[in-house]
Amino acid sequence: ARKPMSYLARVFGVVCLCVLMTFSAFTVDPLEGLADRLSLIFTMMLTVAAYSAVVASFLPVVGYNTLLHNSVLCSFFCYLVIVLQVSFVGLVASARADNSEEYANDVPHRFAALLSGVSVTDMDRVCFTLDLAAVFVAHLCLVYRVRCRIMPQEFAKHMDELADEREQRDEGQGYAYGHCSDDSSNESEEYDQRESRTLLSEESRSRRRSR
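Predicted, not measured: the structure shown is a model, and the values here were computed from it.

Draft legend 1. Molecular detail of the pattern of salt bridges. A full pass over the atoms with the stated rule returns 2 salt bridges. Residue D124 pairs with R37 through a salt bridge whose shortest N-O separation is 2.4 Å. With D124 in helix α5 (residues 120–210) and R37 in helix α2 (residues 34–57), this pair connects stretches of sequence that are 87 residues apart. A single burial state applies to D124 and to R37, both of which are buried.

Below you can see the structure in the form of structure tokens.
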């Protein structure tokens, strides 16, 4: 049987660490370091993509997505959300820094005006907190599902397979014992027949001699 905890450590653990390391992008300045932020996020996303190719080599080839496949796909969704958040905060910071009236009616300036009471640092803090909570809850749910639902089901299935193998082995032994008993009874009958023929032949010979 497969050991699920090793798969949890090698897949869930590594992917979770890659996603958590991506949160370091929020420590970079949202205006001057927007390119560095996006570069860090895409680098970690490519790392997970390369690791998913390695993971696919030791996963069973099936026609549906397993829980491990879904965890990797969820990590890409997390990267998409982080990219959108970082881009949004960077655009708002850029719109606040640009005071020209030429672009006053574009979308970033409108969002900057709408969120005028919220600082860029507070936006980063809110995004970081929400992302961290979402990742923690998602991985906690995955671990709970594996430990409390999937593992008991697989253990019960394994025990049923062992019981079926034991029944088949017992049936095979019973058939072999019955077959052996039938052979022994046939041999005893043949032996009795040979003995009776021998006795009959000796009696016939003794009668002939007496005549």
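Draft legend 2. Structural context of α2. With 24 residues, α2 extends 36 Å from end C-alpha to end C-alpha; this agrees with the ideal 34 Å at 1.5 Å per step. Burial in α2 covers these residues: R37, I41, M44, M45, V48 and V55.

Draft legend 3. How the structure looks around a nonpolar patch on the surface. On the surface, L17, L20, M21, F128 and L132 cluster together into a nonpolar patch covering about 430 Å² of accessible area. Within the residue set of the nonpolar patch, elements represented by two or more residues are α1 (4–22) and α5. Top element by residues in the nonpolar patch is α1. It accounts for 3 residues. As for its position among the elements, L132 is in helix α5. Accessibility expressed as a relative area gives 35% for L132, which makes it partly exposed.

Draft legend 4. View of the environment of L67. For L67, the position within the fold is in helix α3 (residues 67–97). Put simply, L67 and L142 are 75 residues apart on the chain and 8.3 Å apart in space, counted from C-alpha to C-alpha. Those residues within four positions of L67 in sequence are excluded, and the remaining contacts are F12, L142, R145, V146 and I150.

Draft legend 5. Main features of a negative patch on the surface. On the surface, D160, E161, D164, E165, E167, D170 and E171 cluster together into a patch of negative charge. As for its position among the elements, D170 is in helix α5.

Draft legend 6. Examining the environment of C74 more closely. Inspection of the secondary structure assignment puts C74 in helix α3. On a C-alpha basis, the gap between C74 and V135 in space is 9.5 Å, while along the polypeptide they are 61 residues apart.

Draft legend 7. Region of the structure containing the side chain of D131. Following the sequence through the fold, D131 ends up in helix α5. No salt bridge is formed by the buried D131; the nearest opposite charge belongs to R37, separated by 9.6 Å. Setting aside residues no more than four positions away along its own chain, D131 makes contact with F23, F26, V81, I82 and Q85.

Parameters and conventions
- Per-chain numbering applies: the sequence of each chain, read as written, is numbered from 1 onward.
- The predicted origin of the model limits local features to residues at a pLDDT of at least 70 and limits the giving and counting of side-chain atom pairs to 80 or more, whereas totals for whole chains, interfaces and linings rest on all residues.
- The side-chain quantities take in all heavy atoms of the structure and omit both hydrogens and water.
- Think of a salt bridge as a Lys or Arg side-chain nitrogen and an Asp or Glu carboxyl oxygen that are within 4 Å of each other.
- Each helix is a run of H or I in the DSSP string that is no shorter than four residues. Each strand is a run of E no shorter than two, and both are numbered from the N terminus.
- Using a 1.4 Å probe on the protein chains alone, a residue whose accessible area is under 20% of its type maximum counts as buried, one over 50% counts as exposed, and one in between counts as partly exposed.
- Given the number of residues in a helix, its expected span is that number minus one, multiplied by 1.5 Å.
- Excluding any residue in a salt bridge, patches collect residues exceeding 30% relative accessible area, merging like charges within 9 Å and nonpolar Val, Leu, Ile, Met, Phe, Trp and Tyr side chains within 5 Å.
- We get accessible surface area from the Shrake-Rupley algorithm with a probe of 1.4 Å; when it comes to residues, only the shown protein chains can shield them.
- We call two residues in contact whenever any of their non-hydrogen atoms come within 4.5 Å of each other.
- The positive count covers Lys and Arg only, the negative count covers Asp and Glu only, and His and the chain ends enter neither.
- Where a charge lies is defined by one atom per residue type, namely NZ (Lys), CZ (Arg), CG (Asp) and CD (Glu).

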